[in-house]
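# Observations on the three-dimensional arrangement
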Amino acid sequence: MSLLVVGLSHRTAPVRLLEQTALTEELAVKLLGDVVGSEHVSEAVAVATCNRLEVYAEVSKFHGALAEVSELLAQYTGVPRDVLTRHFYVHYDDRAAWHMFTVACGLDSMVIGEPQILGQLRTALAVGQQVGTAGPVLNELMQQALRVGKRAHSETSLDKAGQSLVTAALDLAVPPSTRALSAQGAVAPRRAVVVGAGSMSALSATTILRRYPEAALTVVNRTPERAERLAAAVNGTAAPLSALPSALAEADLILSCTGATELVLTEAQFTEARAGSTQPVTLIDLALPRDLDPAIGKLPGVRLIDLELIAEAQKARAADEPADASLDEVAKIVEAELEAYRKLRTASTVAPTVTALRCMAAEVVAAELNRFHGRTAGLDERTRAEVEQTVRRVVDKLLHEPTVRVKQLAVADGGVTYAQALRELFNLDPRTAVAVSRAVAAGDGTAAEDRSPADGTSPEEY
């Protein structure tokens, strides 16, 4: 069995295509069920954020699984497969693990180093666990990815800029060069509205008030109770979605990030709500699919900042600014953790053989003790127990050193051959080893040569 990741992100696809591929939580759960129900996939987790859609899977065959996952992504997003594949990236085995670790560190995010991706990965893993599609392999991979992400943020200066999608958007709304004027109220928003009450909306509300503590903030949400909870947490005011027009009437900063599948605010609704107002207003749309009608941005006195604009600004920033030294530090952490994961993964291929060897030894011991008991019916129980313990102890000691050594040797170059030698020497059935291993969730016994694409081509050539 091997790791496979198939996905697209802001690096490979335009925001408009990402908008088309956005999945609701309900659809994501159904997608996972169908992916795991396909012939060549045993585990799956979907990572769906505002700038990426990825499926991580444990697979038996590269090309077969790739075709199945690609077809299902096309089916669930409604985007033709030939369109999707032009923007897909595909990673296999070590490269798939490397990609997940990189994602967890925020190195693949639209805003480099943003920490919100860690929460999104936790959510993706939790969903996979709840629906039963995340098994031992992906659990281990994602748990280690979360540890890698935490190391990147705690052991390097990756967090020094404190960047997130929200701060990047606010930087565009009020450029840092003019922010000093905000203390005198020259450019600071006086009335801000946050539409939505999820985690990103909560981050948005706290960030806005941290930058502009004098601003009056209103939280608008379809579910009033959630709006009230968030508003109470930030000392703002709550309002139901029906009150959005009146909230918009006097606002000079509006930020929206909901999970709606349709526009939350159309041009006609905005124009009606702002009738008679000549006050300039900035709108920020962090939702995917988008919440705000793009036509609003073409109205006089209106500036609309969306993910597409943020992506362009981040690319320009990366091109203009010198490379951050912390990125090299993070890359070293990723490589070190990848090597540790590679050794763990390689060692796990030996576990079924070790398990099968111990099972065979236990069967031999049990058979010989039964024969011994049959020939010594008059032996007292104390002596009988001492003989049994001695026999088991001798077998355990004989097996201890080779089983420890084969695990150690497995992580060396060519180490898998030691497991093969062990199977040959003790006449172990690999299929039995795999079955036993799965029963105790110890790993998979697929031979190394079976982990390559069937036709011999490199997975990275896709």
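Position labels on residues start from 1 in each chain and follow its written sequence. Reporting in this predicted model follows two pLDDT cut-offs: at least 70 for local features of residues, and 80 or more for side-chain atom pairs to be given and counted; totals over whole chains, interfaces and linings ignore these cut-offs and use all residues. No hydrogens and no water enter the side-chain calculation; it runs on all heavy atoms of the structure.

## Quick word on the pattern of salt bridges
The term salt bridge refers to a pairing of a side-chain nitrogen on Lys or Arg with a carboxyl oxygen on Asp or Glu at a separation within 4 Å. Across all of its chains, the model carries 18 salt bridges by this definition. Residues glutamate 337 and arginine 151 are paired through a salt bridge, measuring 3.0 Å at the closest nitrogen-oxygen approach. Taken together, the residues span a long stretch of sequence, with glutamate 337 in helix α15 (residues 325-375) and arginine 151 in helix α7 (residues 136-155) at a distance of 186 residues. Residue class for arginine 151 comes out partly exposed when judged on its relative accessible area of 27%. Arginine 211 serves as the salt-bridge partner of aspartate 171, at 2.8 Å between the closest nitrogen and oxygen. Of this pair, aspartate 171 sits in helix α8 (residues 165-173) while arginine 211 sits in helix α10 (residues 199-211), placing them 40 residues apart in sequence. Here a helix means four or more residues in a row that DSSP labels H or I, a strand means two or more in a row labelled E, and each is numbered from the N terminus. Think of it in three bands: residues with accessible area under 20% of the maximum for their type are buried, residues over 50% are exposed, and the middle band is partly exposed, with areas taken using a 1.4 Å probe on protein chains only.

## Topic: the nonpolar core
In terms of nonpolar packing, the biggest core is built from 69 residues, with Leu73, Ile208, Ile284, Leu286 and Ile310 touching the most fellow members. In terms of residue count, the dominant contributor to this core is helix α3 (residues 62-77) (8 residues). Here a residue-residue contact requires only that any non-hydrogen atoms of the pair lie within 4.5 Å. Not counting the four nearest positions on each side in its chain, leucine 73 is found in contact with Val6, Leu31, Leu53, Val55, Leu84 and Phe88. Side-chain atoms within 4.5 Å are what join buried Ala, Val, Leu, Ile, Met, Phe, Trp, Tyr and Cys residues into a set we call a nonpolar core. Residues Val47, Phe101, Ala124 and Leu158 belong to the second largest nonpolar core, which totals 33 residues.

## A short note on the packing of helix α2 (residues 25-36) against α3
Between α2 and α3, whose axes approach to 10 Å, the crossing angle comes to 155°. Our classification of the angle between α2 and α3 gives roughly antiparallel. For the pair α2 and α3, the sense of crossing is right-handed. Here Leu27, Lys30, Leu31, Asp34 and Val35 of α2 lie close against α3, whose contacting residues are Val69, Leu72, Leu73 and Tyr76. Gly counts as polar in this scheme, as do all residues outside two lists: the nonpolar Ala, Val, Leu, Ile, Met, Phe, Trp, Tyr, Cys and Pro, and the charged Asp, Glu, Lys and Arg. Of the residues belonging to the contact of α2 with α3, the class tally is 7 nonpolar, no polar and 2 charged. The angle between two axes is taken between their N-to-C directions and runs from 0 to 180 degrees, where each axis is a line fitted to C-alpha atoms and a helix contributes only its stretch in contact. With respect to orientation, any angle under 35 degrees is reported as roughly parallel, any angle over 145 as roughly antiparallel, any angle of 65 to 115 as roughly perpendicular, and every other angle as oblique. Take the far helix as your reference; a near helix turned counterclockwise from it by less than a right angle gives a left-handed crossing, and one turned clockwise gives a right-handed crossing.

## Topic: the environment of alanine 238
In this structure, alanine 238 sits in strand β7 (residues 237-240). Given a relative accessible area of 33%, alanine 238 falls into the partly exposed group. Residues alanine 238 and glutamate 225 lie 13 residues apart in sequence; the distance between their C-alpha atoms is 8.8 Å. Sequence-distant contacts of alanine 238, that is, excluding residues within four places in its chain, are made with Val219, Ala227, Glu228 and Ala231.

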